[in-house]
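These are the residues of each chain, in order.
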Amino acid sequence: MHLNFTSDNASGIAPRILRALAEANAGPAMAYGADAWTQACERSFAQVFEHEVACFPLATGTAANALALAALVPPYGAILCHRDAHIAVDECGAPEFHTGGAKLLLLDGAHARLSAAGLDAALAGAAFGVEHHVQPAAVSLTQASEAGTVYRPAEIAELAAIAHRYRCQVHMDGARFANAVASLGASPADVTWRAGVDVLSFGATKNGALAAEAVLFFRPELAAQFRYRRKRAGHLLSKQRFLSAQLTAYLADGAWLADARHANAQARQLAEGLASLPGVTLAHPTEANEVFAELPETAIGELQRQGVGLHRWQGRVVRLVTAFDTDPAAVDRVLTIAAGASARAAV
């Protein structure tokens with residue numbers, strides 16, 4: 001039983017995706033996406049999202065975010081996002097690089113989510129048409145957020161309406177999109193194009209894929225130049241069938257949402273158990289598969305001593321992340337260790 005809760009990136013590969021890779025490996029296929037798996041992948045996305053999409057498989061979330069934003073934003077443009085957004089704090093400048101120098105305008109908001117009022121105020125105060133200032137061109141939403149919270153469909157629609165009013169496109173970073181959809185119980189369409197999202201960076205790696213993401217354009221005209229950007233950036237895989245086979249297997253029969261529901265359920269169990277302990281408080285609501293808890297220092301030390309992988313977020317707040325393959329017994333073990341340490345700290 002492993003106790004690694006550092007990240008869902010630490011999880012393995014879902015068996016059905018391993019089988020799909022083995023099947024795709026049985027013989028040759030056309031290169032650079034001219035294969036049956038890539039065609040099937042686009043059909044699968046269109047079915048899941050109830051909408052025709054321009055689909056571009058990629059191997060990393062950083063590439064998906066950076067190249068998607070490059071398709072929306074000119075070098076003199078600006079991208080509005082939460083100051084804790086992954087594109088702002090964990091992409092090593094990739095969005096700025098691939099856009100040719102666009103600026104990230106960082107906004108505040110509770111629990112790592114943008115507020116409608118904050119976005120409206122930022123755009124209302126932007127210097128549109130003034131050549132001395134960057135020009136807002138896109139709004140990026142992280143779903144689920146870096147605090148493990150989710151945007152409701154109505155919240156997305158309100159934010160998108162504000163963005164569009166100022167002629168900004170809406171990008172969604174969906175590295176944990178499955179966890180957000182599973183948490184909300186909404187359809188993928190309801191939290192994307194129906195709510196006004198123009199482009200989605202769709203993540204699968206954190207939820208059971210080996211390495212598979214996709215950029216989905218719900219408005220085909222926005223995708224006109226994307227294939228050139230992908231190639232120029234070095235992210236067009238010659239053996240693309242191995243990306244597409246992962247994504248098709250990932251989506252098949254709703255298994256992606258079943259896996260996300262399992263991860264979310266383990267996170268809720270972990271959050272509820274920790275919150276019941278003396279000296280423990282939750283820093284953010286647990287709405288997807290990430291738990292942020294402030295623990296006594298002795299509890300943190302004991303968890304680490306007994307081999308529990310966790311990530312120190314800030315101060316005594318730690319992040320624990322569950323995954324599609326998290327063993328419920330591992331959650332119970334973490335809670336047992338934390339309970340013992342917290343009780344000793346309270347004496």
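Residues numbered from 1 in each chain as written. Predicted model: local features only at pLDDT ≥ 70, side-chain atom pairs only at ≥ 80, totals over all residues. Heavy atoms only, no water.

J.: Could you clarify how one ought to interpret the environment of Gln-225 in this entry?
T.: For Gln-225, the position within the fold is in the loop between strand E7 (213–217) and helix H9 (226–232). You can call Gln-225 partly exposed: its relative accessible area is 47%. In this structure, the C-alpha to C-alpha distance between Gln-225 and Ala-68, residues 157 residues apart in sequence, is 11 Å. (Helix = DSSP H or I, 4+ residues; strand = E, 2+ residues; numbered from the N terminus. Buried < 20%, exposed > 50% of the residue type's maximum accessible area, 1.4 Å probe, protein only.)

J.: How should I be thinking about the packing of aromatic side chains in this particular structure?
T.: In this description, an aromatic ring pair is defined by two values, namely the gap between the centres and the angle between the planes. On inspection of all chains with the given rule, the structure shows 15 aromatic pairs. Summarising the aromatic geometry, the rings of Phe-49 and Phe-177 are spaced 5.9 Å apart at their centres and angled 25 degrees between planes, so their arrangement reads as stacked. Residue Phe-49 is found in helix H2 (residues 36–49), and its partner Phe-177 is found in helix H8 (residues 177–184); the two are separated by 128 residues along the sequence. Here the two residues Phe-49 and Phe-177 agree in accessibility, since each one is buried. (Phe/Tyr/Trp six-rings, centres within 6.5 Å; stacked < 30°, edge-to-face > 60°.)

J.: Teacher, can you tell me more about the packing of helix H6 (residues 116–124) against helix H7 (residues 153–165) here?
T.: Two packed helices can be described by the angle between their axes and the distance between those axes. H7 packs onto H6 with a crossing angle of 5 degrees between their chain directions and a minimal axis gap of 9 Å. Classified by the angle their axes make, H6 and H7 are roughly parallel. From H6, Ala-116, Leu-119, Asp-120 and Leu-123 reach across to H7, where they touch Glu-158, Leu-159, Ile-162, Ala-163 and Arg-165. Taken together, the residues of the contact of H6 with H7 break down into six nonpolar, no polar and three charged. (Axes fitted to C-alpha atoms, helices over the stretch in contact; angles between N-to-C directions. Parallel < 35°, antiparallel > 145°, perpendicular 65-115°, else oblique. Contact = heavy atoms within 4.5 Å. Nonpolar A, V, L, I, M, F, W, Y, C, P; charged D, E, K, R; others polar.)

J.: I keep staring at the pairing of strand E11 (residues 317–321) and nothing clicks. Help me out?
T.: Successive side chains on a regular strand alternate, one facing one side of the sheet and the next facing the other. Among the five residues in E11, five count as buried, and that is most of the element. Because side chains alternate across E11, one face comprises the buried residues Val-317, Arg-319 and Val-321, and the other comprises Val-318 and Leu-320, equally buried. Judged from the five bridges that link them, strand E9 (residues 290–294) and E11 form a sheet pairing that is antiparallel. Paired with Glu-290 across the strands is Val-321, a residue of E11. Here three bridges tie strand E10 (residues 311–314) to E11, and the two strands are oriented antiparallel to one another. Directly across from Gln-314, in E11, lies its bridge partner Val-317. (Pairing = 2+ DSSP bridges.)

J.: Help me out: how do you make sense of the packing of H2 against helix H10 (residues 241–251) in this one?
T.: Direction vectors running N to C along H2 and H10 enclose 35 degrees, while the axes themselves pass 8 Å from each other. At the point where H2 passes H10, the crossing takes the left-handed sense. Contacts between H2 and H10 involve Trp-37, Thr-38, Ala-40, Cys-41, Ser-44, Phe-45 and Val-48 from the first element and Arg-241, Ser-244, Ala-245, Leu-247, Thr-248 and Leu-251 from the second. (Left-handed = near helix turned anticlockwise from the far one by under 90°.)

J.: Help me understand the environment of Val-73, please; the structure alone is not making it clear to me.
T.: Considering the arrangement of structural elements, one finds Val-73 in the loop between helix H3 (61–72) and strand E2 (77–82). A C-alpha to C-alpha distance of 9.6 Å links Val-73 and Lys-103, two positions 30 residues apart in sequence. Residues in contact with Val-73, not counting those within four places in the same chain, are Ala-78, Ile-79, Thr-99, Ala-102, Ala-137 and Ala-138.

J.: Would you take a moment to explain unusual backbone geometry for this structure?
T.: Glycine aside, the phi torsion of most residues is negative, and most peptide linkages are trans. The residue after Gln-143, namely Ala-144, is reached through a cis peptide bond having omega 0 degrees. Note on placement: Ala-144 falls in the loop between strand E4 (135–142) and H7. A positive phi angle, near 60 degrees, is found at Tyr-32, a position not held by glycine. For Tyr-32, the position within the fold is in the loop between helix H1 (15–24) and H2. You can call Tyr-32 partly exposed: its relative accessible area is 47%. The phi torsion at Cys-92 lies on the positive side, around 55 degrees, for a residue other than glycine. Classification of Cys-92 as exposed rests on a relative accessible area of 83%.

J.: What should I look at first to understand H2 in this one?
T.: Two residues of an α-helix separated by three or four positions point the same way, owing to the 3.6 residues in each turn. Taking 1.5 Å per residue, 14 residues should reach 20 Å; H2 reaches 20 Å between its end C-alpha atoms and fits that length. By the burial criterion, the buried members of H2 are Thr-38, Ala-40, Cys-41, Ser-44, Phe-45, Ala-46 and Phe-49. Where H2 is buried, its residues contact strand E1 (54–58), H8, strand E6 (199–203), E7 and H10. At the N-terminal end of H2, a side-chain oxygen is found 3.0 Å from the backbone nitrogen of Trp-37, two or three residues along, and the residue is Asp-35. (Expected span 1.5 Å × (residues − 1). Polar contact = N/O pair within 3.5 Å; in protein donor to acceptor, adjacent residues only side chain to side chain.)

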